[in-house]
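Reading the structure
So the chains spell out like this:
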Amino acid sequence: MFLAIDAGNSNVVFALYHEKDKKWTNHFRIETKGPKLHSQLSKKVPLYFLEHGISPTSISEIGFSSVVPEINNSIIEFCQNYFGTNPYVISPKSYPKLPVKSLRPTEIGSDLMCNVMAAYSKYQKSVIIVDFGTALTFTVVDQTGKIKGINIVPGLRTAINSLFNNTAKLPAVELKMPESALGQSTVHAIQAGILYGYTGLVKGMIETIEKETQQSYQVIATGGLSSVLTPLTEVFNEIDRNLTLEGLRLITKANS
Ligand SMILES: Nc1ncnc2c1ncn2[C@@H]1O[C@H](COP(=O)(O)OP(=O)(O)O)[C@@H](O)[C@H]1O
Ligand SMILES: CC(C)(COP(=O)(O)O)[C@@H](O)C(=O)NCCC(=O)O
Ligand SMILES: [K+]
């Protein structure tokens, strides 16, 4: 079995790929930040494997993508100790072998490169990938696999947290689409502002990209918060929660 480890700014996601039936299973997340990472790795992850009856020796290959460099060594050491395997670490050195191309391979986040690899392999068409993580990103790829540009804005939870952290009276609120765009209480006002506001942001960004490049795109959404903005289902051709994991697997495979 192939193990993918995708370290984002909020969560480190683990998932298993079964080559035989071409399926992803056993997704689980731990928190990226804070002093808890070490104990989560040494306790929570082995417990998860034990509880699900998965032997660490059944993992034949590990691919690791990280946009949080300071945790890389902890993850690599954990893989060596627990699985007895060195993970393949996605880096700019992984990209020359791929059919997709970035003009700035040292700058682009490896999670975005994974998204591009998976989306291009799946569609071989021009695509916009919308990734709803800590950051909300738009990656524009042409029909030859070349990355044309990237937009980055604060993610939904990041935006809500920043309101909460920078104001005296605004509470942290649940990320839930309210029925009305007209806030009737402080909580409702924040939910309406962020959720309807971001719905417009996503629609507007796609429209602007299409207008500037004078073409239309397949729009693929991914990331932990990709299902929060419910009115966007009509804008997305697909929500693919496994996009980053699948790209991580394909990039690892292309280099092994
Ligand atoms: N299944 C889920 N349901 C609801 N929220 C989720 C789910 N998975 C992840 N999240 C939340 O979505 C946010 C973004 O997750 P993710 O896309 O993994 O971000 P990152 O890659 O920046 O770590 C996180 O705050 C996480 O808590
Ligand atoms: C844009 C990101 C912060 C997204 O991170 P995430 O929301 O997945 O935690 C990450 O891909 C990154 O650090 N990228 C480097 C800059 C770039 O991709 O252009
Ligand atoms: K991510």
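Residues numbered from 1 in each chain as written. Chains lettered and ligands numbered in written order. Predicted model: local features only at pLDDT ≥ 70, side-chain atom pairs only at ≥ 80, totals over all residues.

Some points on the overall build of the protein chain
The following threshold applies: Helix and strand assignments follow DSSP, with helices taken as H or I runs no shorter than four residues and strands as E runs no shorter than two, numbered in order from the N terminus. Three classes are used. A residue is buried when 20 or more other C-beta atoms lie within 10 Å of its own, exposed when 12 or fewer do, and partly exposed in between, with C-beta atoms placed from the backbone. Contact criterion: two residues are in contact if their C-beta atoms, reconstructed from the backbone, are within 7 Å.
In terms of helices and strands, the protein chain carries six helices and ten strands. Referenced to the eigenvectors of the C-alpha coordinate spread, the extents of the protein chain come out at roughly 55 × 45 × 35 Å. Per-residue burial for the protein chain yields a buried fraction of 36% across its 256 residues. In the protein chain, the share of contacts with a sequence separation of at least 24, taken over all contacts with a separation of at least 6, comes to 55%.

Remarks on the nonpolar core
Heads up, the rule is: Think of a nonpolar core as buried Ala, Val, Leu, Ile, Met, Phe, Trp, Tyr and Cys residues, each tied to the set through C-beta atoms within 7 Å. For the purposes of this description, domain bounds are those given by an automatic or database domain assignment.
Among the nonpolar cores identified, the biggest contains 59 residues, and Ile5, Val116, Met117, Ala119 and Ile128 are the most heavily contacted of them. Looking at which element gives the most residues to this core, the answer is helix 3 (residues 110-123), with eight residues. Of the residues that make up this core, three or more belong to each of domain 1 (2-89) and domain 2 (101-106 + 123-248). Sequence-distant contacts of Ile5, defined by excluding residues within four places in its chain, comprise Val12, Phe14, Ile62, Phe64, Ile75 and Pro87.

Description of the site of ligand 2
Rule in force here: All residues are tested the same way: a C-beta atom is placed from the backbone, and lying within 6 Å of a molecule or strand makes the residue near it.
In the vicinity of ligand 2 lie 15 residues, with Gly8, Asn9, Gly109, Gly133 and Ala135 positioned nearest. Sorting the residues of the shell around ligand 2 by element identifies helix 3, strand 7 (135-141) and strand 8 (147-154) as the ones contributing at least two each. Mapping the shell around ligand 2 onto the domain boundaries places at least three of its residues in each of domain 1 (2-89) and domain 2 (101-106 + 123-248).

Details of the site of ligand 1
So the rule is basically this: Polar here means any residue outside two lists: the nonpolar Ala, Val, Leu, Ile, Met, Phe, Trp, Tyr, Cys and Pro, and the charged Asp, Glu, Lys and Arg; Gly therefore counts as polar.
The local shell around ligand 1 consists of Gly8, Asn9, Ser10, Asn11, Val13, Gly133, Thr134, Arg157, Gly223, Gly224 and Leu225. Among the residues forming the shell around ligand 1, the class breakdown is two nonpolar, eight polar and one charged. Residue assignment places the shell around ligand 1 across two domains, with domain 1 (2-89) and domain 2 (101-106 + 123-248) each supplying three or more.

So, the domain arrangement of the protein chain
Here the protein chain is described as being made up of domain 1 (2-89) and domain 2 (101-106 + 123-248). Taken over C-alpha atoms, the centre of domain 1 sits 26 Å from the centre of domain 2. Counting residues at the interface gives ten residues for domain 1, matched by seven residues for domain 2. Among the secondary structure elements, those contributing two or more residues to the side of domain 1 that touches domain 2 are strand 1 (2-7), strand 2 (11-18) and strand 4 (61-66).

Describing the packing of helix 3 against helix 6 (residues 243-254)
The condition is simple: Inter-axis angles, ranging from 0 to 180 degrees, are taken between N-to-C directions of lines fitted to C-alpha atoms, where helices are fitted over the stretch in contact. Orientation categories follow fixed angle ranges, with anything under 35 degrees roughly parallel, anything over 145 roughly antiparallel, 65 to 115 roughly perpendicular, and all other angles oblique.
Orientation of helix 3 relative to helix 6, taken along the N-to-C sense of each, is 85°, at an axis distance of 7 Å. In terms of their interaxial angle, helix 3 and helix 6 are classed as roughly perpendicular. On helix 6, the residues touching Asp111, Cys114, Asn115, Val116, Met117, Ala118, Ala119 and Ser121 of helix 3 are Leu243, Thr244, Glu246, Gly247, Leu248, Leu250 and Ile251. Grouping the constituent residues of the contact of helix 3 with helix 6 by class yields nine nonpolar, four polar and two charged.

Here we look at unusual backbone geometry
Positive phi is not limited to glycine here, since Lys22 has a value of about 50°. Examined against the element boundaries, Lys22 turns out to sit in the loop between strand 2 and strand 3 (23-31). Under the C-beta neighbour-count criterion, Lys22 is labelled exposed, with 7 such atoms within 10 Å. Even without being glycine, Gln124 reaches a positive phi, approximately 45°. With respect to the element layout, Gln124 can be found in the loop between helix 3 and strand 6 (127-132). Residue classification places Gln124 among the exposed residues on the basis of 12 C-beta atoms within 10 Å.

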